[in-house]
Amino acid sequence: MRTGIGNAQHAAQVPTGMWLGTSLLAANRGQQFAVDDPATEAVIAEVADTTEKDWFDALDLAEQARPEWEATSPRERSELLREIFNEIVRRKDEFAVAMSCEMGKPFAEALGEVAYGAEYFRWFAEEAVRSNGRVAPAPAGNGTIIVTRKPVGTVVAITPWNFPLAMATRKIAPALAAGCPIIVKPAAETPLTLLLLGEVIAGVCLKLGAPNGIVSILPTTDAAGFSSSLMKDPRVKKVTFTGSTGVGKLLVRQSADNLQRTSMELGGNAPFVVAEDADLDLVLTCAMQAKMRNGGEACIAANRFLVHEAVAEAFVDKLTASMQAVRTGHGLEEGTTLGPIITRKQRDRIAELVDEAIAGGARATTGGSTPSGQGYFYPATVLVDVPEDARILREEIFGPVATVTTFASNEEAVAKANATEFGLAAYAFTENVHTAQYFASRLEAGMVGINRGAISDPAAPFGGIKQSGFGREGGTEGIEEYQHVQYLAWT
Ligand code: NAD
């Protein structure tokens with residue numbers, strides 16, 4: 001139940017079964033599904049395709065482990081998390097190979113995600129022992145208010161393909177830190193990275209004697225069946241999801257019957273505002289980070305560049321040159337800075353958004369057409385003169401396409417930036433502290449970067465408002481998603 005992936009220079013052995021606690025098993029019915037490499041379209045692994053019996057075996061095991069795990073001291077939980085961090089870092093190359101092969105990101109970026117994803121274990125190892133409550137005098141003078149935090153119970157997590165490791169570690173680490181068992185379903189496009197994480201977690205659990213069943217990892221092609229059947233079981237107390245807004249809404253509806261707690265990290269449509277006085281060299285560096293990290297397949301990717309009309313031409317020239325310097329290829333190939341899109345369907349969706357915008361009057365200063373040949377590639381593209389009603393300005397692009405539109409005043413910039421149903425990330429660039437404050441206080445987003453193109457940090461609360469969801473991952477807030485509050489009225 002392991003297979004080799006990669007090439008002569010970068011290779012890894014990855015598990016292909018499911019992790020039922022610390023056991024690597026075939027799916028109950030023995031079925032498997034194929035995982036392909038989006039750069040070559042070749043099948044690289046056949047992975048256990050779990051069904052209902054497997055899901056409930058994992059839930060039964062989690063429930064068996066729960067009382068002991070809840071009673072484990074915060075220090076022991078912390079040490080387990082810290083050891084998982086150490087092991088991921090030690091095996092970073094294997095994780096990066098898995099991500100480059102199944103998701104397509106360049107190897108250097110994959111290593112970046114390993115460091116970022118692992119950091120959630122280190123951060124929550126530190127938070128596990130600092131889960132403080134509060135004590136306050138009752139205003140009436142008749143007692144003391146004591147507030148403590150307790151683990152919510154067994155968690156179900158559903159994760160996307162774009163950051164196969166980090167989108168899961170930011171759920172698994174705080175759940176374990178809080179004392180909750182967790183059952184994880186990776187995206188069917190990218191199960192290998194999490195199966196490798198399962199191997200690391202199982203090894204550490206066995207070494208440190210943690211109860212069996214605190215983490216199970218269950219790949220399946222039946223995502224809808226997985227969530228709907230598990231959520232019908234009242235033993236599931238919390239559902240945490242990262243993915244599209246449509247699926248998020250469905251899960252929130254499903255949570256109503258058992259009033260399960262939910263955290264929803266959903267889609268985005270981030271504006272990237274460049275004021276007249278911005279430092280254009282800094283803007284360019286940050287624009288490339290905010291647009292091209294993960295090939296634009298990021299929920300906080302800059303979707304709409306809004307540039308003051310006085311600097312728009314200079315910005316477009318610089319951005320076009322930088323996008324032309326991007327090198328497309330297989331993630332494991334030396335020098336690749338842009339990998340393939342995850343699937344043919346996603347690639348064709350991006351092409352459709354670009355074609356529609358061009359038909360409506362937009363112009364591509366570089367890129368803009370689908371290459372022929374193997375792999376789901378799409379070139380780095382810059383679109384100018386994009387019509388205001390173009391679908392590409394309303395929908396999440398999720399690809400290496402930058403749209404540039406202009407504004408004449410900061411008021412207009414804010415109005416355009418906020419003209420979206422989403423509210424995950426927003427970016428603003430200016431050399432003036434008052435303008436910075438103006439944007440920071442008016443941009444409707446859960447996260448705002450001022451003169452910064454990279455904002456993710458395990459020590460900061462990641463999450464959105466509006467249709468981008470609710471709940472926070474990381475920071476001191478992240479562990480609270482897995483705790484409920486108990487108030488003790490004391491004499
Ligand atoms: P998706 O919603 O299709 O899939 C995400 C996960 O949900 C996968 O594991 C998938 O198998 C599962 N899923 C699909 N249909 C389901 C159903 N009916 N019931 C239960 N689970 C189901 O999203 P995607 O296209 O794979 O991922 C991209 C989306 O994720 C984008 O919209 C992106 O913005 C979002 N995203 C958000 C964040 C964030 O933190 N806010 C981070 C990364 C990605």
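Per chain, residue numbering runs from 1 following the sequence as it is written. pLDDT decides what is reported in this predicted model: residues at 70 or higher carry local features, side-chain atom pairs at 80 or more are listed and counted, and totals for whole chains, interfaces and linings draw on all residues regardless. Only hydrogens and water are removed before side-chain values are computed, so all heavy atoms of the structure are retained for them.

A.B. asks: Give me the lowdown on the environment of Ala419, citing residues and values where you can.
C.D. replies: Strands are runs of DSSP state E lasting at least 2 residues, helices are runs of H or I lasting at least 4, and numbering of each runs from the N terminus. Within the secondary structure, Ala419 is located in the loop between helix 13 (410–417) and strand 19 (422–423). With a 1.4 Å probe rolled over the protein chains alone, any residue whose accessible area is under 20% of its type maximum counts as buried; one over 50% counts as exposed, and the rest are partly exposed. Since its relative accessible area comes to 57%, Ala419 is described here as exposed. With 26 residues separating them along the chain, Ala419 and Leu393 place their C-alpha atoms 9.7 Å apart.

A.B. asks: I'd like to hear about the sheet that holds strand 8 (residues 144–151), residue by residue, with values.
C.D. replies: Hydrogen bonds along the backbone pair up the strands of a sheet, which may run parallel or antiparallel. Strand pairing requires that DSSP identify at least two bridges connecting the strands. The strand order across the open sheet built from 3 strands is 7-8-24, with neighbouring strands paired in antiparallel fashion. For this open sheet the edge positions go to strand 7 (134–137) and strand 24 (483–490), each flanked by a neighbour on one side alone. Taking each pair of neighbouring strands and ignoring which way they run, the sheet shows an average axis angle of 25 degrees. Here strand 7 pairs with strand 8 via 4 bridges, running antiparallel. Between the N-to-C directions of two axes lies an angle of 0 to 180 degrees, each axis being a line fitted to C-alpha atoms and, for a helix, fitted only over the stretch in contact.

A.B. asks: Outline the UniProt feature "domain: Aldehyde dehydrogenase" (unreviewed entry) in the chain, listing residues and values.
C.D. replies: UniProt positions are given in the numbering used here, feature names are shortened, and annotations may be inferred rather than shown by experiment. Here the UniProt feature "domain: Aldehyde dehydrogenase" (unreviewed entry) sits at residues 30–486. Strand forms 20% of residues 30–486 and helix 40%; the C-alpha atoms that close the span are 44 Å apart.

A.B. asks: Now, about helix 2 (residues 74–90): what can you tell me, with residues and values included?
C.D. replies: An expected span of 1.5 Å times one less than the residue number is assigned to each helix. A rise of 1.5 Å per residue sets the reference length of helix 2, with its 17 residues, at 24 Å; its end C-alpha atoms lie 24 Å apart and thus fit the reference within 8%. Within the span of helix 2, buried status applies to Arg77, Ser78, Leu80, Leu81, Glu83, Ile84, Phe85, Glu87 and Ile88. The contact criterion used throughout is that any non-hydrogen atoms of two residues lie within 4.5 Å. Its buried side turned inward, helix 2 meets helix 1 (52–71), helix 3 (92–102), helix 4 (107–128), helix 5 (166–178) and helix 6 (191–208).

A.B. asks: Would you mind going over the nonpolar core in detail, with residue names and values included?
C.D. replies: Only buried Ala, Val, Leu, Ile, Met, Phe, Trp, Tyr and Cys residues count toward a nonpolar core, and they belong to the same one when joined by side-chain atoms within 4.5 Å. Ranked by size, the top nonpolar core spans 107 residues in total, and within it Ile88, Phe121, Ile172, Phe272 and Leu319 carry the most contacts. Of all the elements, helix 4 adds the most residues to this core, at 11 residues. Domain ranges listed in this record stem from an automatic or a database domain assignment. Counting residues domain by domain, this core receives three or more from each of domain 1 (2–266 + 469–490) and domain 2 (270–457). Leu20, Ala48, Ile183 and Leu251 belong to the second largest nonpolar core, which has 23 residues in total.

A.B. asks: Talk me through the packing of helix 7 (residues 223–231) against helix 8 (residues 245–255); I want residue IDs and the actual numbers.
C.D. replies: Between helix 7 and helix 8, the shortest axis-to-axis distance is 10 Å and the interhelical angle comes to 20 degrees. Compared by their axis directions, helix 7 and helix 8 come out roughly parallel. Our pair here, helix 7 against helix 8, has a crossing hand that is right-handed. The residues of helix 8 that touch helix 7, namely those facing Ser227, Ser228 and Met231, are Leu251, Gln254 and Ser255. Residues are grouped as follows: Ala, Val, Leu, Ile, Met, Phe, Trp, Tyr, Cys and Pro are nonpolar; Asp, Glu, Lys and Arg are charged; all remaining types, including Gly, are polar. Broken down by class, the residue content of the contact of helix 7 with helix 8 amounts to 2 nonpolar, 4 polar and no charged. Each angle is binned into one of four classes, with values under 35 degrees roughly parallel, values over 145 roughly antiparallel, values of 65 to 115 roughly perpendicular, and all other values oblique. By the definition used in this description, the sense in which the near helix is turned from the far one sets the handedness, with an anticlockwise turn below a right angle giving left-handed and a clockwise turn giving right-handed.

A.B. asks: Help me get a handle on helix 3, residues and values and all.
C.D. replies: Burial runs high along helix 3: 8 of the 11 residues are buried. Within helix 3, burial applies to Phe95, Ala96, Val97, Ala98, Met99, Ser100, Cys101 and Glu102. Looking one or two residues past helix 3, Gly104 carries a phi angle of roughly 105 degrees, positive in sign.

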